[in-house]
2 protein chains.
Amino acid sequence: MGIHQKFVEKAEKLVPDLHKTIVWPQSVIEVVVDEEAFQGWRTQPAGAVTDKLAQSFGKGESFILDFGDHQVGYVSLTIKSEGSPQDAPLGLKLIFGEMPCEVAELFDSYEGWLSKSWLQEETVYIDVLPAVLKLPRRYCFRYLKVEVIDTSRKYTVSFADIRCTAVTSADVSKVKPLPAELPEDLAAIDRISIKTLQDCMQTVFEDGPKRDRRLWIGDLRLQALANYYTFGHYDLVKRCLYLFGGMTLEDGTVGACVFEKPHPIVDDTRLYDYALFFVATLYDYYETSKDREALVELWPVALEQIRIGLSRLDASGLVRDDDTWWCFTDWHPKLNKQASAQAVLLYSLTRGHALAEVLGEEQEAAFIADQMNRVRRASLTHLWDSEKNFFVSGPDKQISWASQVWMVLAGVLNETENAQLMDRLFEQPPEIGMTTPYMHHHLIEALFESGRTEKAVEQMRAYWGEMVKDGADCFWEIYNPNDKKLSPYGSNLINSYCHAWSCTPTYFIRKYLLPGEAAKEDDGRSA
Amino acid sequence: MGIHQKFVEKAEKLVPDLHKTIVWPQSVIEVVVDEEAFQGWRTQPAGAVTDKLAQSFGKGESFILDFGDHQVGYVSLTIKSEGSPQDAPLGLKLIFGEMPCEVAELFDSYEGWLSKSWLQEETVYIDVLPAVLKLPRRYCFRYLKVEVIDTSRKYTVSFADIRCTAVTSADVSKVKPLPAELPEDLAAIDRISIKTLQDCMQTVFEDGPKRDRRLWIGDLRLQALANYYTFGHYDLVKRCLYLFGGMTLEDGTVGACVFEKPHPIVDDTRLYDYALFFVATLYDYYETSKDREALVELWPVALEQIRIGLSRLDASGLVRDDDTWWCFTDWHPKLNKQASAQAVLLYSLTRGHALAEVLGEEQEAAFIADQMNRVRRASLTHLWDSEKNFFVSGPDKQISWASQVWMVLAGVLNETENAQLMDRLFEQPPEIGMTTPYMHHHLIEALFESGRTEKAVEQMRAYWGEMVKDGADCFWEIYNPNDKKLSPYGSNLINSYCHAWSCTPTYFIRKYLLPGEAAKEDDGRSA
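Residues numbered from 1 in each chain as written. Chains lettered and ligands numbered in written order. Predicted model: local features only at pLDDT ≥ 70, side-chain atom pairs only at ≥ 80, totals over all residues. Heavy atoms only, no water.

### Side note on the environment of isoleucine 162 of chain B
Residue and element names in this part refer to chain B.
And step 1. You can see isoleucine 162 is positioned in strand β10 (residues 155-168).
And step 2. Judged by relative accessible area, which is 1%, isoleucine 162 ranks as buried.
And step 3. For the pair isoleucine 162 and leucine 53, spaced 109 residues apart in the sequence, the C-alpha separation amounts to 9.2 Å.
And step 4. Each residue touching isoleucine 162, except ones within four places of it in the same chain, is listed here: Trp24, Pro25, Leu53, Phe63, Leu65, Phe67, Ser76, Leu77 and Leu144. (Helix = DSSP H or I, 4+ residues; strand = E, 2+ residues; numbered from the N terminus. Buried < 20%, exposed > 50% of the residue type's maximum accessible area, 1.4 Å probe, protein only. Contact = heavy atoms within 4.5 Å.)

### Re the UniProt feature "domain: Glycosyl hydrolase family 78 alpha-rhamnosidase N-terminal" (unreviewed entry) in chain A
And step 1. When the UniProt feature table is mapped onto this chain, "domain: Glycosyl hydrolase family 78 alpha-rhamnosidase N-terminal" (unreviewed entry) is found at residues 25-166 of chain A.
And step 2. With 7% helix and 54% strand, residues 25-166 of chain A has end C-alpha atoms that lie 12 Å from one another. (UniProt positions renumbered as here; feature names shortened; annotations may be inferred.)

### Examining the side chain of serine 76 of chain B
And step 1. Here serine 76 of chain B shows up in strand β5 (residues 62-83).
And step 2. Take serine 76 of chain B: its relative accessible area is 15%, and that puts it in the buried class.

### Some words on the domain arrangement of chain A
Residues and elements named next belong to chain A.
And step 1. Along its sequence, chain A is carved into domain 1 (1-16 + 196-289) and domain 2 (19-168).
And step 2. Spacing between the C-alpha centres of domain 1 and domain 2 amounts to 33 Å.
And step 3. Across the boundary between the two partners, domain 1 contributes 11 residues, which contact 12 residues of domain 2.
And step 4. Our count for the domain 1 to domain 2 interface comes out at 3 salt bridges.
And step 5. A salt bridge links arginine 138 to glutamate 206; its shortest N-O distance comes to 2.8 Å. (Domains from an automatic or database assignment. Salt bridge = Lys/Arg side-chain N within 4 Å of Asp/Glu carboxyl O.)

### Thoughts on the relation of the copies chain A and chain B
Both copies of the chain are related by a screw-like operation: a rotation about an axis and a shift along it.
And step 1. When chain A is fitted to chain B, the best match, at an RMSD of 0.0 Å, comes from turning it 180 degrees and sliding it 0.0 Å along the axis. The relationship between the two copies is best expressed as a two-fold rotation axis. Of the C-alpha atoms belonging to chain A, the one lying closest to the rotation axis is found on threonine 123 of chain A, 3.0 Å away.
And step 2. Comparing contact sets, 100% of the residues at the interface of chain A also lie at the interface in chain B, consistent with an isologous, same-surface contact. (Least-squares fit on C-alpha atoms with pLDDT ≥ 70 in both.)

### What to know about the interface of chain A and chain B
And step 1. Taken residue by residue, the interface counts 38 residues in chain A and 38 residues in chain B.
And step 2. Around 3,100 Å² of area is buried between chain A and chain B when both sides are counted, 53% of it from carbon and sulfur atoms.
And step 3. Linking chain A to chain B there are 6 salt bridges.
And step 4. The partner of lysine 154 of chain A in a salt bridge is aspartate 268 of chain B, with the nearest N and O atoms 2.8 Å apart.
And step 5. On inspection of chain A and its partner chain B, the count reaches 24 residue pairs in polar contact (both at pLDDT 80 or more).
And step 6. Sorting the residues of the side of chain A that touches chain B by element identifies β6 (90-97), β7 (121-126), β9 (139-150) and β14 (265-266) of chain A as the ones contributing at least two each. (Buried area = accessible area lost by both parts, 1.4 Å probe. Polar contact = N/O pair within 3.5 Å; in protein donor to acceptor, adjacent residues only side chain to side chain.)

### Thoughts on the pairing of strand β10 (residues 155-168) of chain A
And step 1. Where strand β2 (residues 19-23) of chain A lies against β10 of chain A, 5 bridges are found, and the strand directions are antiparallel. Following the sheet pairing, valine 23 of chain A is matched in β10 of chain A by cysteine 164 of chain A. (Pairing = 2+ DSSP bridges.)

### Points about the pairing of strand β8 (residues 131-134) of chain A
Residues and elements named next belong to chain A.
And step 1. Of the two faces of β8, the one lined by Ala131 and Leu133 is fully buried and the one lined by Val132 and Lys134 carries no buried residue.
And step 2. Sheet analysis places strand β5 (residues 62-83) next to β8, joined by 4 bridges and oriented antiparallel. Considered in β8, the bridge of serine 76 is made with lysine 134.

### Thoughts on the UniProt feature "domain: Alpha-L-rhamnosidase six-hairpin glycosidase" (unreviewed entry) in chain A
And step 1. Those residues carrying the UniProt feature "domain: Alpha-L-rhamnosidase six-hairpin glycosidase" (unreviewed entry) are residues 186-512 of chain A in this numbering.
And step 2. Regarding residues 186-512 of chain A, the helix share stands at 55% and the strand share at 4%, and the terminal C-alpha atoms are separated by 13 Å.

### With respect to the sheet that holds strand β13 (residues 257-259) of chain B
Residue and element names in this part refer to chain B.
And step 1. Pairing is antiparallel in the open sheet, where 3 strands are placed in the order β11-β13-β14. The sheet is open, and its two borders are formed by β11 (215-216) and β14 (265-266), each paired with just one other strand.
And step 2. Pairing of β11 with β13, which is carried by 2 bridges, proceeds in the antiparallel orientation. Note that in β13 the partner of tryptophan 216 across the bridge is cysteine 257.

What follows is the structure, given as structure tokens:
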């Protein structure tokens, strides 16, 4: 690893204070099988919290509390014994769920390939009651299942003051209210987007506060965009840029993710597109903050990503393809990533060029401009299929949604051609679709940027609006309206249900749909 | 409850400091099925600790450490991650076992009627490594099974400095060495008795440091006797007497047990014999310590136990029988307890009478003397079967070992008759036998007190000596040489394998077998 200690120290000085809010459970629920409901589980009321806390519980008894909304925080419970003096330890199991499936299905049934340790449960034995059980770990949940493993024949237990101290580095008072005339469904999408971003904003922009809980640059780029239009927490973006810039892989590549604890460290995951997004994220940050000092300091890191990205080009100016997990783009087992990687390179070159010009680095700007032409030319020559009127990718000339969307965002074609390509995508939809909110973000962005506002809103409603209908408190890591039990990990239980890369509808709504904010108008050809 | 606050405060001022010793694991073992071994499990070496700690472990991997001897204390482990940065929590299961069965059989299989929460296991999830895991609870174990629930595909974990801080209020330097000529097997029995007592001596005399972990007066009486001949910790006996004297049941009865935490409290368990043992325990304490101040203060409590005990006599001077768990005597489902209760009453009256005389309470002494005659007369008239030459008990005139042993200890017959009765017991053994070390203690005591030293030693060897052969590190709560899987609780897993009432062989050896200590000589008729 290359460590630029000054950058890491600068990042560490920017660790934000967390805002704390005490949240109490709102109701008692039970989870029942319902084939019509999302993932086949429906919650239904099962009484008032005060009534449940007035009861006492023995071996094998349990209840589920609903905290009313998604929470990220620390939980404590007051526990008392009832009956004879406590003559055996209390055994207690606590299960935290973002979604009903987590408090309904047995964690023991989990057979997915991600670590079982992500499942949020605690087994505690308490020797002396009464006690205030303050759990030291942070949980991410709306539902808390409390299950008494055992008391003894001589005593039972009751609970009081079950609370969550919710934490975030987002200042919710900074979010501007939406105009009243915005349709209600879009207002709901906006609210849930902001809650998603809020719950992911901790001492870095986490990808998911339940699972992974770390800073990925692919997520950071989208979170930063949503943040500029809502909480405006520039220093948190700055901290994250300095973390990535301060700790690169051996050859200087920006890592795909970094960990904060026990000390800042870059993961050994390398992704072609993610490294290049350092350039794009720095560009977006500078454009909004005008923080020239950070730009000057971090520009060499950005430039290095450009050089490393370019080093993958073959003689014809094409990004070399690969069978490994070398480029992310989307969770899709069959997706070929050559075209999208080519487009991400061009997208990043364009932003790098703008930054070089801001800095007055004329030689670098000229170098990048040359490379932009080379990459664009190679894309048009080798990846544009003029018979099918789509971009193709890889040795099998695969046509996918992802390749078209990224080529549009990269601006390989002109504005009119881009808009036509986006229209064609819906008229002749390729078989290789999109699976993540992350990829759907890029679809919507490409539509807005091509002047297809109505289509963009329609697609946002079809995807995030459908999540709302399916009961989302925050937006999810994985969602396929046509396959609602989809998990890339082999189990719904391990999916993250508050996930950074799903938070951008608020950015679209506030950037493209609010009066005075919108930069572009629909050209009227869409829908 | 009656609370004599001054007594409780006096007890609380006598909370002893605990001696701490750091203990490290001695070896790595595995547990294998062996029908010849105690409970069907045998341990065998599986390598050196240093080699095991040099390895790293992933999902589902485990090892078992052997700390070389029974420990009561607090455990900590240093844990490091190896491989890529820790990208998921570490899930860890720790299982503590006094005996091989506990680390070999699955706790999930436990179906006994005592609380499952007594089984010593912890499931912990650790978000950030390296970490020093300091478990806050006290464990009682020789074996520690460490099992990795999950890491992730990208990292494993290694362990270092796994240690136990063992605690006891016993000062081991106070124990006098045995003369070298004592047979080796008796020396081993003495050593293990002392270790049992030591591990039960905490801030009170606990009955079992693994399970129950509280002060029972039946155990206290025996622990105090062993303590006088070994650690000589008088203040700990005094603390326990003041706890029992300071907190009685509503009618003034001394409770069967008390809890220390969260504040001293007497349990609602009432046992006829146990309440009377307050008198006997106070007598033994005064006889050894000559602490007249404590005797003066606690005498009214003792006298009240005598009055309450006497109030159960019917017109004929017999203790009224009962089908409930009103008197302990022994764990035996068929044992009738009338005769043993009658004997315990007389045994306690005798000691109460001696204390009244020490105090110069002549009226009380005279009253007790009258009652002793009444109880003895009724025992001889109604419970002695002169055809069978045994004491009988209850409506079915049951003949048991327990009834004879207790009648001997109570001194209903004269010394010669007592010795003959003890001989007869072995010549014509009654069907209703003995199940606990607690009852075996009274058998051995009755033999010694009847001058049957050889038989006493033979029986001690047959019971405690057999436990040694079966691998005891401490002496057990339950032991039947003819039924080695016996548990009164429905599972071996929940038995206590370091149990106070099993600690008295050191008392017998040091009181009756050492030159200059022995008060009585064998009359030569036994064996």
